[in-house]
Amino acid sequence: MNKKLLCMILPVFFMFSLTGCSEIGSKAENISVIYGATAVFSLLLFIAYVIFIKKKERWLYVLFSSIFVVETGYFILSVSGNLENALFANALSYLGSVFLPLSMLMIILRVCKLSYHKALPLILISVGVLVFLLAASPGFCDLYYKQVTIEVVNGVTTLKKVYGALHIVYLVYLLSYFISMTIVIIYASVKRKLAINKQAVVLLMAVFGNILVWLFEQLVDIRFEMLSVSYIITELFLIALYLMIQDEEKSESSNVLETVLSAPLKTEIRSEEKPFEEKQSEEALKYFTSAIKTLTPKEKLIYDGYVSGVTTKELMAQLNITENTLKYHNKNIYGKLGVNSRKQLVKYAELTQKTE
């Protein structure tokens, strides 16, 4: 894992060296170079993710794409020679900026193992498209910008804007996402769905880092988009987080395998399961009955759900867990009870109730 992270972090340190090694008077001239560098490095990080991360997450693809589009828009704007090109570049950066917080929220929900309605992504995407169309409207109407012109300082193009009546919509859009992400992380930490010492800290740093940079840019008039660097750092935080999660999942799988291998011979999973009638021995039934007491509270809830006939989807919804988490618990439950399947578990449970 350290080698993977090193391959992703080194380009960023190189990028920071570009921003900090030049003299103060020449920094303005290097802004376009910095924007170009962040665009290239965001693409390199995307490639590194595709190569090094085996288990892919679709919303990380959206995140990487969004950041690359934002960085590319910043660069094109800085070298634009006319208002038309500058407005195109500005719209391009807004395209990435609108879908970036959306992907972050979906990633955070995934990491926090929180379920949500299937329609949520579609609703959020629809809202994002509307906000983008509004932000990309300058040149067609004056709802977002009343007036916009270009200004070239030391060879770097920027937009001089007079905000329109609906400019606040984008600000509310971003703040809503920041607040939602913070609430999700805190809720997951309270409900112990998140490892507070690692995952929660990484997520909070990624979210609040962007909030602070964004607020700073709103309050201080500077000619450099600091979010271009902040977004790169966000990528690193989220990649590091996914590497943590994958390592933990590998560890859980190893623990499950160790449990199965170290279980008594009577609990081993056999490739050819004998007919159930041949396994109704008194000894097996006593073992099953006594083993129920060894189940953890969460495992007991799953056991009770199976016995009462609750479906897998209903059980995941009731316990607010993912399918992989349920499979993990199933392996532990089957191993402890000495059964090979849910059907066999229910059969033994029925016999246990009859003998009580």
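Parameters at a glance
- Residues numbered from 1 in each chain as written.
- Predicted model: local features only at pLDDT ≥ 70, side-chain atom pairs only at ≥ 80, totals over all residues.
- Heavy atoms only, no water.
- Helix = DSSP H or I, 4+ residues; strand = E, 2+ residues; numbered from the N terminus.
- Buried < 20%, exposed > 50% of the residue type's maximum accessible area, 1.4 Å probe, protein only.
- Contact = heavy atoms within 4.5 Å.
- Areas by Shrake-Rupley, 256 points an atom, 1.4 Å probe, with all protein chains shown as cover.
- Pairing = 2+ DSSP bridges.
- Phe/Tyr/Trp six-rings, centres within 6.5 Å; stacked < 30°, edge-to-face > 60°.
- Patch = residues over 30% accessible without salt bridge, like charges linked within 9 Å, V, L, I, M, F, W, Y side chains within 5 Å.
- Salt bridge = Lys/Arg side-chain N within 4 Å of Asp/Glu carboxyl O.
- Expected span 1.5 Å × (residues − 1).
- Arc of directions from axis to C-beta.
- Core = buried A, V, L, I, M, F, W, Y, C linked by side-chain atoms within 4.5 Å.
- Axes fitted to C-alpha atoms, helices over the stretch in contact; angles between N-to-C directions.
- Parallel < 35°, antiparallel > 145°, perpendicular 65-115°, else oblique.
- Nonpolar A, V, L, I, M, F, W, Y, C, P; charged D, E, K, R; others polar.

### As for the overall build of the chain
Counting secondary structure elements, the chain contains 13 helices and two strands. Burial statistics for the chain: of 356 residues in total, 44% are counted as buried. For the chain, the share of sequence-separated contacts (at least 6 apart) that also reach a separation of at least 24 residues comes to 70%. As presented, the chain carries roughly 19,400 Å² of accessible surface, and 64% of it is formed by carbon and sulfur atoms.

### Description of the side chain of Ser-93
Note that Ser-93 resides in helix α4 (residues 83–111). If we skip the residues at most four places from it in the chain, Ser-93 touches Val-69, Val-70, Gly-73 and Tyr-74.

### Here's the deal with the pairing of strand β2 (residues 156–163)
By the bridge criterion, eight bridges tie strand β1 (residues 145–153) to β2 in an arrangement that is antiparallel. Each residue of the ladder has a partner; that of Val-148, found in β2, is Lys-161.

### So, the packing of aromatic side chains
The final tally for this structure, using the stated rule, is 10 aromatic pairs. Judged by centre distance (5.4 Å) and plane angle (5 degrees), the ring pair of Phe-46 and Phe-64 falls under stacked. With Phe-46 in helix α2 (residues 31–52) and Phe-64 in helix α3 (residues 58–78), this pair connects stretches of sequence that are 18 residues apart. A single burial state applies to Phe-46 and to Phe-64, both of which are buried. Clustering of aromatic rings is evident, with ring pairs tying together Tyr-94, Tyr-144, Tyr-145, Tyr-163 and Tyr-170.

### So, a nonpolar patch on the surface
Among the surface-exposed residues, Val-40, Leu-43, Leu-44, Ile-47, Val-50, Ile-51, Tyr-61 and Phe-68 lie close enough to one another that they form a single nonpolar patch of about 650 Å² accessible area. Among the elements of the structure, α2 and α3 are those that each provide at least two residues to the nonpolar patch. For the nonpolar patch, the element with the highest residue contribution is α2, accounting for six residues.

### Observations concerning helix α5 (residues 120–135)
Look at α5: 22 Å from first C-alpha to last across 16 residues, which is about the 22 Å you get at 1.5 Å a residue. Buried within α5 we find Pro-121, Leu-124, Gly-128, Val-131, Phe-132, Leu-134 and Ala-135. Buried residues of α5, viewed axially, fall in a sector of 155 degrees; they line one side. Facing away from the buried side of α5, by more than 90 degrees, are the exposed residues Leu-122, Leu-130 and Leu-133. Where α5 is buried, its residues meet α3, α4 and α6 (168–190).

### Quick notes on the nonpolar core
Within the largest apolar cluster, 59 residues are counted, with the highest numbers of intra-cluster contacts made by Leu-63, Tyr-170, Met-181 and Val-207. If you tally residues by element for this core, the top one is α4, at 15 residues. Membership of the second largest hydrophobic core comes to 23 residues, among which are Leu-285, Ala-291, Tyr-334 and Leu-351.

### So, the pattern of salt bridges
Oppositely charged side chains are able to pair whenever their charged atoms sit close together. With the rule as written, the count across this model stands at three salt bridges. Notably, a salt bridge pairs Lys-300 with Asp-304, separated by 2.8 Å at the nearest N-O pair. Taken together, the residues Lys-300 and Asp-304, both in helix α10 (residues 297–307) and four residues apart, mark about one turn of the helix. What makes Lys-300 partly exposed here is its relative accessible area of 30%. Among the salt bridges present, the one from Glu-323 reaches Lys-327, with a minimum N-O distance of 3.7 Å. Residue Glu-323 and its partner Lys-327 are both found in helix α12 (residues 323–337); the two are separated by four residues, about one turn of the helix. Of the residues examined, Lys-327 reaches a relative accessible area of 44% and is grouped as partly exposed.

### Section: the packing of α10 against α12
At a minimum axis distance of 10 Å, the contact between α10 and α12 shows a crossing angle of 85 degrees. Considering their axes alone, α10 and α12 lie roughly perpendicular with respect to each other. When α10 is examined against α12, the residues Lys-298, Glu-299, Ile-302, Tyr-303 and Tyr-306 are found in contact with a partner set consisting of Leu-326, His-329, Asn-330, Asn-332, Ile-333, Tyr-334, Lys-336 and Leu-337. Its residues placed into classes, the contact of α10 with α12 shows seven nonpolar, three polar and three charged.

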